[in-house]
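Chain residues, written in single-letter form:
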Amino acid sequence: MFDRLCIIGVGLIGGSIARAARLEGLSQTIVGFGRPEDLPNLQTAKQLGVIDEFYLDLAEAVNNADCVVIATPVASITAIFTLLKPLWSAETIYTDVGSTKVSVLLAAEQVLGEIPENLVPAHPIAGAEQSGVEASVNDLFVRKRLIITPTDRTSSHALQAIKSFWERLGALVSIMDAKHHDGVLAATSHLPHLLAFALVDMLGRKDEQNEIFKYAAGGFKDFTRIASSDPTMWLDICLANRNELIPLIEELKVELDTIQSTLQNQDGPQLFQTFTYAKNARQRFLDQFEN
């Protein structure tokens with residue numbers, strides 16, 4: 001499908017893309033790019049056979065590449081576009097894997113003057129708590145959702161190529177507006193991570209923290225699992241999507257105030273109604289997820 005695939009950022013996501021692309025025969029050559037401090041990770045990626053070669057010079061990495069995947073944290077997207085600007089080729093398709101898409105489009109417009117026709121923003125809804133190329137796997141994207149957020153300027157050829165690429169990696173591809181994407185992901189992913197981090201931060205700071213954690217049951221472990229995620233990555237995501245997150249936090253405050261009032265008034269029927277609605281709503285989610 002591609003003669004030369006260049007991955008900028010060969011970590012969990014970038015490495016898994018490389019592994020799956022190799023497994024599916026989607027590129028003859030797969031190369032990686034990183035900063036000098038990424039050298040040990042890049043060396044590991046080559047030793048593991050995840051990539052064929054790596055470069056610390058971006059010009060060498062993207063030379064003759066017909067597809068460039070930006071798999072770095074969202075906070076670095078402006079810096080990556082700045083590095084790519086003098087190297088940008090009309091013959092290459094560029095895409096990314098960022099968890100927020102409006103910020104990617106704004107960065108492209110700011111740095112490149114306009115959103116290029118051959119830039120196809122995308123977001124695989126897949127991941128793990130681990131990071132680095134050693135955490136990468138062949139099947140990370142199989143039956144996982146992948147959202148592409150093209151603009152009116154996006155080339156139909158580039159869009160179709162990226163859509164086909166992800167489908168052949170096993171992903172279930174959807175296409176939507178970037179702002180709509182950020183709103184949906186703020187509610188279903190970014191806010192839950194904030195809540196998990198906040199709860200563990202609160203309990204961890206209590207004087208009796210050792211006893212709290214000693215007697216925590218499986219529900220606590222399940223609910224707070226995502227608080228083990230990479231803090232740097234989630235800092236970047238939450239700041240990038242703050243305009244969508246802040247209204248949701250305000251709505252959650254209202255919900256918590258309502259529950260607090262219900263408890264103070266010992267209003268069992270109202271609390272039962274809240275719990276029942278939530279249980280049924282989650283079952284609808286599980287039904288959709290399983291289908």
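Residues numbered from 1 in each chain as written. Predicted model: local features only at pLDDT ≥ 70, side-chain atom pairs only at ≥ 80, totals over all residues. Heavy atoms only, no water.

S.K.: Give me unusual backbone geometry: which residues, what numbers.
M.R.: Positive phi values are uncommon outside glycine, yet Asn64 reaches one of about 65°. Secondary-structure assignment places Asn64 in the loop between α3 (58-62) and β4 (67-70). Taking the relative accessible area as the measure of exposure, Asn64 reaches 63% and is therefore exposed. A positive phi angle, near 60°, is found at Arg143, a position not held by glycine. In this structure, Arg143 sits in the loop between β7 (122-124) and β8 (145-148). On the basis of relative accessible area, Arg143 is assigned to the exposed category, the value being 59%. (Helix = DSSP H or I, 4+ residues; strand = E, 2+ residues; numbered from the N terminus. Buried < 20%, exposed > 50% of the residue type's maximum accessible area, 1.4 Å probe, protein only.)

S.K.: Which residues make up the packing of aromatic side chains, and what are the values?
M.R.: Given two aromatic rings, their pairing is described by the distance between the two centres and the angle made by the two planes. Across all of its chains, the model carries six aromatic pairs by this definition. Ring geometry for Phe141 against Trp166: centres 5.0 Å apart, planes inclined by 85°, an arrangement best described as edge-to-face. Of the two residues, Phe141 is situated in the loop between β7 and β8 and Trp166 in helix α6 (residues 156-168); the sequence distance between them amounts to 25 residues. Each member of the aromatic cluster is reached from another via a ring pair, and the members are Phe2, Phe141, Phe165 and Trp166. (Phe/Tyr/Trp six-rings, centres within 6.5 Å; stacked < 30°, edge-to-face > 60°.)

S.K.: Quick rundown of the nonpolar core? Include the residues and the values.
M.R.: Counting residues in hydrophobic clusters, the biggest one holds 38 residues, and the most contacted among them are Ile7, Ile17, Phe165, Trp166 and Leu169. Breaking this core down by element, the ones donating at least two residues are β1 (2-8), α1 (12-23), α2 (39-47), β4, β8 and α6. In this structure, Trp166 is in contact with Ile17, Val97, Ala122, Pro124, Phe141, Leu146, Ala171 and Val173, ignoring residues within four places of it in sequence. (Core = buried A, V, L, I, M, F, W, Y, C linked by side-chain atoms within 4.5 Å. Contact = heavy atoms within 4.5 Å.)

S.K.: Any details on the pattern of salt bridges? Residues and values, ideally.
M.R.: Counted according to the given criterion, the structure contains ten salt bridges. The partner of Arg35 in a salt bridge is Asp38, with the nearest N and O atoms 3.1 Å apart. Judged by relative accessible area, which is 22%, Asp38 ranks as partly exposed. Between Glu244 and Lys179 there is a salt bridge, with the nearest N and O atoms lying 2.8 Å from each other. Taken together, the residues Glu244 in helix α11 (residues 242-264) and Lys179 in helix α7 (residues 178-204) connect sequence positions 65 residues apart. Through salt bridges with shared partners, a single ionic network connects Arg35, Glu37 and Asp38. (Salt bridge = Lys/Arg side-chain N within 4 Å of Asp/Glu carboxyl O.)

S.K.: Give me the lowdown on the sheet that holds strand β9 (residues 172-175), citing residues and values where you can.
M.R.: Strand order across the open sheet formed by three strands is β7-β8-β9, with mixed pairing between neighbours. This sheet does not close on itself; its edge strands, each paired only once, are β7 and β9. Across this sheet, the average inter-strand angle for adjacent strands is 20°, counted without regard to direction. Relative to β8, β7 runs antiparallel, the two being bridged by three bridges. Note on β8: the bridge partner recorded for His123 is Ile147. Running at roughly 150° to β9, α6 makes contact with β7, β8 and β9 of the sheet. (Pairing = 2+ DSSP bridges. Axes fitted to C-alpha atoms, helices over the stretch in contact; angles between N-to-C directions.)

S.K.: Account for the side chain of Asp236, naming residues and giving values.
M.R.: Inspection of the secondary structure assignment puts Asp236 in helix α10 (residues 231-240). Notably, Asp236 is buried but unbridged: the nearest opposite-charge side chain belongs to Arg35, and the N-O separation is 9.3 Å. Once you skip the residues sitting within four places of it in the chain, Asp236 turns out to touch Pro73, Val74 and Ala75. (Lys, Arg positive; Asp, Glu negative; His and termini not counted.)

S.K.: Help me get a handle on the layout of surface pockets, residues and values and all.
M.R.: Of the volumes computed, that of the second largest pocket is approximately 380 Å³. Ser103, Leu106, Leu239, Ala240 and Arg242 are the residues nearest the centre of the second largest pocket, which is lined by 17 residues in total. Counting residues per element, the ones that place at least two in the lining of the second largest pocket are α4 (77-84), α5 (102-112), α7, α10 and α11. Here the lining of the second largest pocket takes four residues from α5, the largest share from any one element. (1 Å grid on protein atoms, 1.4 Å probe; cavity = no way out; pocket = protein on both sides within 12 Å on 5 of 7 lines; lining within 4 Å. Points joined across faces, edges and corners; volume = space filled by probe spheres on them.)

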